[in-house]
Structures are given as C-alpha cells and as structure tokens.
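Remarks on the overall topology
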Amino acid sequence: MEQLPQQLMNGIWQGAALALFAMGYTLVFGSLDIVNLAHGATYMWGAFIGFVAVTRLGLPLWVAIPPAMLGAGVIAILLDRLAFKPLRSLTVGGLVLWGGFLVFLLGVVGHWDNTIKTGIAVVGALVMALGLLLDYRAASPLRQRAVPPLAPMIASIGASIVMISVAQGVFGAQVSRFPPRLFPTAPFSLPGDTVIAPIQVLVLALSLLLIVALRQLITKSRAGRAIRAIAWSERTARLLGINVDLVIAQTFLLAGALAGAAGVLLGLAFNRLEPVMGNEVELAGLTVIIVGGMGSIGGAALAAFLVGMIRVLSVAYFDSSFRDAFVFGLLILMLLARPSGLLGRGRVVRA
Amino acid sequence: MNIRFLGPIIALTFVVAACSPSSGPAAPTATSVPATAAKPAATAPAAAPAAPAASPAASPAAPAPPAASPAVAGSAAKPSANLTGEIPLGAIWSLTGGAAVYGAVQKNATEMAVDEINKSGTLGAAKIKLITEDDRSVKEGAIPAMEKLTGQDKVVVVLGPTLSNSAKAADPVAQDRKVVVVAVSNTADGIVEMGDYVFRVSLPESAVVPNTVSVTKNKIGYTKVAVMYGDDDAFTKAGYDVFKSSLEKNSVQILTTETFKKGDTDFSAQLTKIKAQGPQALIVSALAEEAAGIMVQARQLGITVPIIGGNGFNSPQLAKLAGPAAEGAISGAAWFISADAPGNAAFVKAYRERYNSDPDQFAAQAYAGTNLIVTAIRNAGATDSKSIRDALAKLKDQDTVLGKFSFSDQRDAIHTPVVQVVKNGKFELYK
C-alpha cells in the first residue's frame, strides 16, 4: 500500500493523455453519431508526424507539436470526406477525391523510382484537392440518404486498416524512437516518496490545457455553438442556416488535432512509436467514452482518469495480464448499471 | 447518444480487440523475437578465463576440418569436393517487426559468409544460393516462410528463424519435410527436441544464465533481487525459468516477480511495486524493445540498482534504444567482439568494412552457423539434407568465431559463455 501515491501519480498523467485522446472520440460521436474506430490510427499518424518533424526536419519539440496536431486534423478531415461523407451524401467531388486518393496511394507505396513516385503522389494530391473543393461546393449530391447507424463505424475500421498499412509502408513495421536526449530526464521528487519525470509533467500539463481549451471552444465560440447545434439536431441546424458541411469538417479537424497531440505526447512519454500503437489506446478510449457518457466532454475527462487509474492499479495489485480484463469489466458493469454513462444524458425523445 | 446500437458497438469492439492487439496480420506487435534465437550464440571467446569447460563431448577425434571461410583460421585442407551446381540455402530472419534489431544483423552476417564462401571456392565448383525470408517477428510469418523455403524453393538447410517463438511454430514443418534447420539465435528450451533435423548453434539460456548469475553474485554480492519477465513469449519465459532456478541455487531471495507483455509500453506499475521492495538488483528477462522501456522507466522512477538480463540484452541496439539508461546493464552473452577466437578478428574487420558498423553476438552466431553448415556439406561430399544432417551431427571442436564449438548428442550447442556490461554505450567484458 505504501506505493499508492506513486501508483496514483502514474495513473494521473496517463489518464490525462487518455482524456485528450477520448475528447476527439466523444466529440465526433456526440455531434455526428459516428463511432470513429480510425481515431487510433489518427493518433498514430500524429505521433509519426511529430517524429518526422523532430528527426528529419530537426525541429525542436515545441515547434513539432503544432504541425503534428494540424497534420492529424487534416488526416481526420480526409477521413471524413473519404470514408464517412460518401455514405450520407455522394457527390461528384467525392468520386474525384477517391480517384485522387487512389493515385496518391499508388505514389506512396508503389515500387518505382523516387522521382516517379513523388510525381504520382503529387498528381494524386492535386486531384484530391480538386475533389475536396468540388465536394464542398456541391450544389446537389448524386445520392443522399439516411445513414444506417453502423455503416460509418464499419467504414472506419477499413479506414483504420488502410492508415496503418500506409504507415507501415512509409515508416516500416518496426519500432521507431525519438532521439534519447530530447527532453531532460531527471525526475522531480514529490512528497509521498513519488517521482514524476519532466516528460510526464509535460503530458499532464498539455493535456489539461488542451481539454480546458476545448471546453472553452465548445461553449463560448461560434464554431462551438454550431457543433453543439448539430449535435442536438442536424436538420434544425441546417434550417437555421448553419453550414453543416463546414462544421462537420471543423469537428473532425478538432478531433484529429486532439488525437495528434495525444499521439505525440504519449509517443514521447513511452518513446515507442509503431504503426499499431493506436490499437491499445483506441480500446481504452472506447471504454472511456462509453463509461463517461457518449457526447459528454466532462464525462469523458472523468472516465479517462478513472480508466487510467484502473489500468495502473490493476497491474500494481494484480497481474499485468488482467489490465484489459479490468478495463472491459468496468465497461460491462457500466453498460449493465447505467448504459448512458456517468454523465451522459438519457435518451431524449424529440418531437 | 443513440443507445440502440450500443450492443453492436460493443460486439464490434470485442472483434476489433480480438484482431488488433494480438498478432493481427497487419500489425505484428513488437514480438520478442530474438527470444531463443539470439541467445546462446557462441559466447565464450577462447580467452575467457572463467569459462566453464566446453562440452564434455568434445572428443579429440576431429570430425571435419573447420569451415574454410577466410575468417576462420584457414587450416583445413580442402577435401576434394566433387560438388557442383547451386546449393539452395534458406534463411528466415525477423527483418521487420519487434525483433528487427536482431534480424537485420543476422541477414548481414549470413550474406557476408555466403559471399566469402562462394568466392573462396570452398565447395569446389558448387555455389551457395542464399534465399532470405522475413517472418515479421511473428510465428504467423515464420510458418509460411518455412513452407515456402522447404517446399517451393527446395532448400537443403534453413538458418533461423530469429525468435524461439517462431522457431517452435515453424521448425516442425522442416522436420516433417526432412530439411535441416540450424537455429542461430533461439535460446529457449524445447528447440532441438523438435526433431533430429533441428540443430542449434546458439547457447540456450540454461547454459548462459547460471554463469551470469554466479559471476554477478560474486561481484555485486546481492542477496535480494526483483525479477521481471515477459509471460507471453517462449524465450522470455524460458529465461525466467532458468534465472529463477539459478537464483535459488545461489541462495538469492526473490522479493517479487512481475510480468509484462510484448508490445507493452508502460512498466511504471510493476517498477513502482519493485522499487518499494528495495531489491539489490533487478533481473529482467525481456527482448530489447521491452528491456529498453523497462530500463528507461526504472531509472525515471529512481531505481538505481544494477539491471541484469538474458540474451535479449545482447543487441548493441539496446544502448541506442535506452540511451543513458542502458549504462551498467549486465547480461550473459555467447560472443564478445574482442574475443580471441580463431578468425574472430578477421570476421569483425570484414564486417566493419562491408557494413560500416560493428557486428554483434547475433551476427557472430549467424556467421558461425553458416560456416558450420558449409563444413558439414564439405565433409559429407553431398548436398542433400540427410547427408548434411549426418555430417553436422558429427561436428566437434570446430574453430568458429564463437570459439571451439561442438554439437552435443542432442545437436545442441556447446561452447563457453561470457558476461558483458554496457559501458559508454558499448559492450565490455564484465570484470
């Protein structure tokens, strides 16, 4: 029991990073009813963009985090336009985007000379940009229908596989690591015989900062109000003149950026980047949003700390093999006792 | 907020969970591949003073002249080998995935050995054709690789696979098809027991660890230790078993035993528990990736005692992966770079010139394994698997870069191990 303060400290900073990751999940789920199982892959790509920024471009850490967030946000927007939007409204632009995407993929993973590959990738990227534009400005879609609830989730599984495979093609399947002396390593001593490393402090601080910033954005700003309006009722929002398409893109940008930040931070903290690193955190994140209450940001934050704590304490006091068992046990318990989650609202019947 | 599809979500979550973290097709979690394979590598440079006696089975009857690769003290008179044509030699290495640190150097060493052999005309007019496969550090990759090499490519000998875990799954395929397998980095138990076509060049943990424990206990004088091991890999588990029994034999108390899995990134819970117990040393049976994570996090938490490990530590990559946290890490090894074994200096020089980096234990073991195979082919004067198998089994007291090497009656490796420590990012003999 005497290690409890240290174990709690271990759980707190990991819970904070998990909360950051879960924010994006719950944002997309709350406003769009989409379970985005490619969120983990977005997180992984954010980590790798940060890795490339630090190792190949030689940027210092502080400068590397914003591009990682932006890059992951853009990837999330592309994810929506490629995997989710065609399900609800297919436009010519969407088809052009897909064509461009396939060409771009060929350019990235093909077996030709580097110059040819780059050329193809650039052409693909240009066609994609054109497709995005056309898709955004589409006056009338080719096909529009109500989306069966599971369809986006299944599409996201496929998207996740594609994203992981591309990462394996680009970075290789083995583990990549940040250079060792990027960050001071001497741990800080705290009362209660606990220590915390500087990187863990950074993770905790930055996560809390971003969560608070997100909350401010959602509650106070115009874009945030639009997101909440769409979460309440998409049709009403449209009637009120909100540009739903744009706001959806903004939502994904936000969610992706948060996942990217979480990716860089946890990638740094554990210094272990591999294309499959999103899988483990994704399952924990799913548990977090269900336990916290779908669509509730405060609930997700609360549940994330809870899940982070459970993950650490279950290994501390039981066996490491039981970590996932405890997390899923919590999930099942929550579903049995209170399906709407800790802070989720019950199902509201709208007239 | 739509609860009606909660059920399907949960079901799909479990499906995704079942597919992804474990060895999914697209994602080999960093497997502790080198497990068995990397371990026993011939350690014991002939100059190692405290090396336990080499295999008692080293009969004076010199079985065959040592492989006539330039790196080995070229003394063997070339038998009149009437061999011609191409001899297909297969190799399965973990070139991607969690064990890639080991597989990469094994590939280098084997290619270098084959080139030397082909250039030197050791096999008369015959040439070795090396076919390399990547098992992605998972057994799901090793089995198809073995099937391809032994079936489609019709190789007569297979080197590898890198990890014991993969070997246990893939070697039976070769045994069934009566193709020789030479393990050069498997160090778990149960390898040569898979059949009479399976040979091992790497010293098993059971041969290296007892030496490591007694040497370190004498030097450090610890009586209470904590142990951590990966419970989901054949190599790390085998290493733990041997550590446990060696520690008990040396009257060392094990304060607590913690476990982890391949691909784990967070060891803080286990290490916090360990720190509270106050051990005088930390024993870790892990592969390089996990070992590096453990070392970094142990130092972060303020654990300052020496960290002692098994074969997984023996990649120089460890120092790169763990950075300054790797300083002082102690492990038992099968080979040492400045060892006095015949041909070792030439091997190290040639490897440095060709690959611009130092070879490590796994490279030395792969190199020795290749040369032993060639010696057997020359002795047999034939290129079919059965003859090679019989000739290999008879090899005793061979001069290799690992020292004097013999196969035991069970086709297992016999030579002397060493203990090494990481100093300034490089391995040094532990004194």
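Bear in mind that the values here come from a model prediction, so they are computed numbers and not experimental data. (Residues numbered from 1 in each chain as written. Chains lettered and ligands numbered in written order. Predicted model: local features only at pLDDT ≥ 70, side-chain atom pairs only at ≥ 80, totals over all residues. Heavy atoms only, no water.)

**Digging into the overall build of chain B**
A count of helices and strands for chain B gives 13 helices and 15 strands. Looking at chain B as a whole, 63% of its 431 residues qualify as buried. Across chain B, contacts joining residues at least 24 apart in sequence account for 76% of those joining residues at least 6 apart. (Helix = DSSP H or I, 4+ residues; strand = E, 2+ residues; numbered from the N terminus. Buried < 20%, exposed > 50% of the residue type's maximum accessible area, 1.4 Å probe, protein only. Contact = heavy atoms within 4.5 Å.)

**A short note on the overall build of chain A**
When helices and strands are counted, chain A shows 13 helices and four strands. The C-alpha atoms of chain A give a radius of gyration of 21 Å, which matches the 20 Å a tight globule of 351 residues would have. Viewed in the frame of its principal axes, chain A has a C-alpha envelope of about 65 × 60 × 35 Å. The buried share among the 351 residues of chain A stands at 55%. Accessible surface, chain A: about 15,100 Å² in total, of which carbon and sulfur atoms supply 69%. One finds the centroid of the 24 positive side-chain charges in chain A at a distance of 12 Å from the centroid of its 13 negative side-chain charges. (Rg over C-alpha atoms; globule rule 2.2 N^0.38 Å. Areas by Shrake-Rupley, 256 points an atom, 1.4 Å probe, with all protein chains shown as cover. Lys, Arg positive; Asp, Glu negative; His and termini not counted. Charge placed at Lys NZ, Arg CZ, Asp CG, Glu CD.)

**Overview of the pattern of salt bridges**
Think of it this way: side chains of opposite charge can pair up when their charged atoms draw near. On inspection of all chains with the given rule, the structure shows 26 salt bridges over all chains. A salt bridge links Arg311 of chain A to Glu280 of chain A; the nearest nitrogen and oxygen atoms lie 2.8 Å apart. Taken together, the positions of Arg311 of chain A in helix α12 (residues 297-317) and Glu280 of chain A in helix α11 (residues 277-292) put the pair 31 residues apart, joining distant regions of the chain. The exposure class assigned to Glu280 of chain A is partly exposed, which follows from its relative accessible area of 29%. A salt bridge links Glu133 of chain B to Lys148 of chain B; its shortest N-O distance comes to 2.7 Å. Here Lys148 of chain B lies in helix α4 (residues 139-152) and Glu133 of chain B lies in strand β2 (residues 127-134), a separation of 15 residues in the sequence. Take Glu133 of chain B: its relative accessible area is 16%, and that puts it in the buried class. The class of Lys148 of chain B is partly exposed, set by a relative accessible area of 28%. Each of Asp80, Arg81, Lys85, Arg88, Asp135 and Asp245 of chain A takes part in a single network of salt bridges with overlapping partners. (Salt bridge = Lys/Arg side-chain N within 4 Å of Asp/Glu carboxyl O.)

**Description of the sheet that holds strand β13 (residues 413-414) of chain B**
Residue and element names in this part refer to chain B. In space, the three strands of this open sheet follow the order β11-β12-β13, with antiparallel pairing throughout. Looking along the sheet, the strands with just one partner apiece sit at the ends: β11 (398-400) and β13. Pairing analysis gives three bridges linking β11 to strand β12 (residues 403-407), with the strands arranged antiparallel. Counted as the bridge partner of Gln398 is Phe405 from β12. Against the sheet, helix α12 (residues 361-380) engages β11 and β12, with an angle of about 145° to β11. (Pairing = 2+ DSSP bridges. Axes fitted to C-alpha atoms, helices over the stretch in contact; angles between N-to-C directions.)

**Observations regarding the packing of α12 of chain A against helix α13 (residues 323-337) of chain A**
Residue and element names in this part refer to chain A. Where α12 contacts α13, the two axes come as close as 8 Å, and the packing angle between them is 145°. Seen from above, α12 lies across α13 with right-handed handedness. Contacts from Leu306, Val307, Ile310, Arg311, Ser314 and Val315 in α12 reach Arg323, Asp324, Phe326, Val327 and Leu330 in α13. Grouping the amino acids of the contact of α12 with α13 by side-chain chemistry returns seven nonpolar, one polar and three charged. (Left-handed = near helix turned anticlockwise from the far one by under 90°. Nonpolar A, V, L, I, M, F, W, Y, C, P; charged D, E, K, R; others polar.)

**Let's talk about the nonpolar core**
Residues Leu20, Met23, Tyr43, Trp45, Phe252 and Val288 of chain A are the most contacted members of the largest nonpolar core, which totals 107 residues. Here Phe252 of chain A is in contact with Val28, Leu32, Ile34, Asn36, Gly73, Ala76, Ile77, Asp80 and Phe84 of chain A, once residues within four sequence places are set aside. With 90 residues, the next largest nonpolar core counts Ala91, Met112, Ile377 and Ala413 of chain B among its residues. (Core = buried A, V, L, I, M, F, W, Y, C linked by side-chain atoms within 4.5 Å.)

**Some details on empty space enclosed by the protein**
With the rule as written, the count across this model stands at six cavities of 30 Å³ or more. Lining the largest cavity we find Gln6, Asn10, Trp13, Val195, Ile196, Ala197 and Gln200 of chain A together with Ser268, Gln297, Gln300 and Leu301 of chain B. Secondary structure elements with two or more residues in the lining of the largest cavity: α1 (4-32) and β4 (194-196) of chain A together with α9 (288-300) of chain B. The leading source of residues in the lining of the largest cavity is α1 of chain A, at three residues. Residues that form the lining of the largest cavity fall into these classes: five nonpolar, six polar and no charged. (1 Å grid on protein atoms, 1.4 Å probe; cavity = no way out; pocket = protein on both sides within 12 Å on 5 of 7 lines; lining within 4 Å. Points joined across faces, edges and corners; volume = space filled by probe spheres on them.)

**Here we look at the sheet that holds strand β14 (residues 418-423) of chain B**
All names here are of chain B. With respect to topology, seven strands assemble into an open sheet ordered β7-β6-β8-β9-β10-β14-β15, the strand pairing being mixed. Two strands close off the open sheet at either side, each with one partner strand: β7 (253-260) and β15 (426-429). The average undirected angle you get between the axes of adjacent strands in this sheet is 30°. When β14 meets β15, the two strands line up antiparallel, connected through four bridges. Across the sheet, Val421 pairs through a bridge with Glu428, a residue of β15. Packing of helix α8 (residues 268-277) onto the sheet brings it into contact with β6 (224-230), β7 and β8 (281-285), and relative to β7 it is tilted by some 170°.

**With respect to the confidence of the model for chain B**
All names here are of chain B. Averaged over every residue, the pLDDT of chain B is 82; the share at 70 or more is 82%. Confidence drops under a pLDDT of 50 for residues 21-78, and excluding neighbours within four residues, the segment shows 226 contacts in the predicted structure. The complex model carries a pTM of 0.76, and its ipTM stands at 0.74. (pLDDT = per-residue confidence, 0-100.)

**Some words on the packing of α1 of chain A against helix α2 (residues 39-55) of chain A**
Residues and elements named next belong to chain A. It is the contact of α1 with α2, at a shortest axis distance of 10 Å, that shows an interaxial angle of 135°. One finds that α1 runs oblique with respect to α2. Crossing handedness for the pair α1 and α2: right-handed. Only His39, Gly40 and Tyr43 of α2 make contact with α1, whose side of the interface consists of Phe21, Gly24 and Tyr25. (Parallel < 35°, antiparallel > 145°, perpendicular 65-115°, else oblique.)

**Considerations on a nonpolar patch on the surface**
A grouping of Leu302, Leu306, Leu342 and Leu343 of chain A is seen on the molecular surface, where their side chains present a nonpolar patch of about 320 Å² in accessible area. Turning to its location among the elements, Leu343 of chain A is positioned in the segment after α13. (Patch = residues over 30% accessible without salt bridge, like charges linked within 9 Å, V, L, I, M, F, W, Y side chains within 5 Å.)

**Details of the environment of Met295 of chain B**
Residue and element names in this part refer to chain B. Examined against the element boundaries, Met295 turns out to sit in helix α9. Here Met295 falls in the buried class, since its relative accessible area comes to 1%. Sequence spacing of Met295 and Gln420 is 125 residues, and the spatial spacing of their C-alpha atoms is 17 Å.

**Comments concerning α4 of chain B**
Residue and element names in this part refer to chain B. Compared with the 20 Å implied by 1.5 Å per residue over 14 residues, the 19 Å span of α4 between its first and last C-alpha is a close match. Looking at α4, one finds that the buried residues are Gly141, Ala142, Ala145, Met146, Leu149 and Thr150. Buried residues of α4, viewed axially, fall in a sector of 140°; they line one side. Looking at the packing, one finds that the buried side of α4 touches β1 (86-93), β2, β3 (157-159), α5 (164-176) and β4 (180-183). (Expected span 1.5 Å × (residues − 1). Arc of directions from axis to C-beta.)

**What to know about the packing of aromatic side chains**
Counted according to the given criterion, the structure contains 19 aromatic pairs over all chains. Relative to Phe101 of chain A, the ring of Trp98 of chain A has its centre 5.8 Å away and its plane inclined at 85°; by these criteria the two rings are edge-to-face. Of the two residues, Trp98 of chain A and Phe101 of chain A both sit in helix α4 (residues 92-109), three residues apart, roughly one turn of that helix. When its relative accessible area of 34% is taken as the criterion, Trp98 of chain A is described as partly exposed. Overall, the relative accessible area of 17% leaves Phe101 of chain A in the buried class. A centroid spacing of 4.6 Å and a plane angle of 75° characterise the contact between Tyr102 of chain B and Phe362 of chain B, whose relative ring orientation is edge-to-face. Linking Tyr102 of chain B in helix α3 (residues 100-120) with Phe362 of chain B in helix α12, this pair joins segments that are 260 residues apart in sequence. Of the residues examined, Phe362 of chain B reaches a relative accessible area of 0% and is grouped as buried. In textbook terms, an aromatic cluster arises when at least three aromatic residues are bridged by ring pairs, as seen for Trp45, Phe48, Phe51, Phe171 and Phe178 of chain A. Cation over ring: Arg389 of chain B sits above Tyr197 of chain B, and NZ or CZ is 5.9 Å from the ring centre. (Phe/Tyr/Trp six-rings, centres within 6.5 Å; stacked < 30°, edge-to-face > 60°. Lys NZ or Arg CZ within 6 Å of the ring centre and 35° of its normal.)

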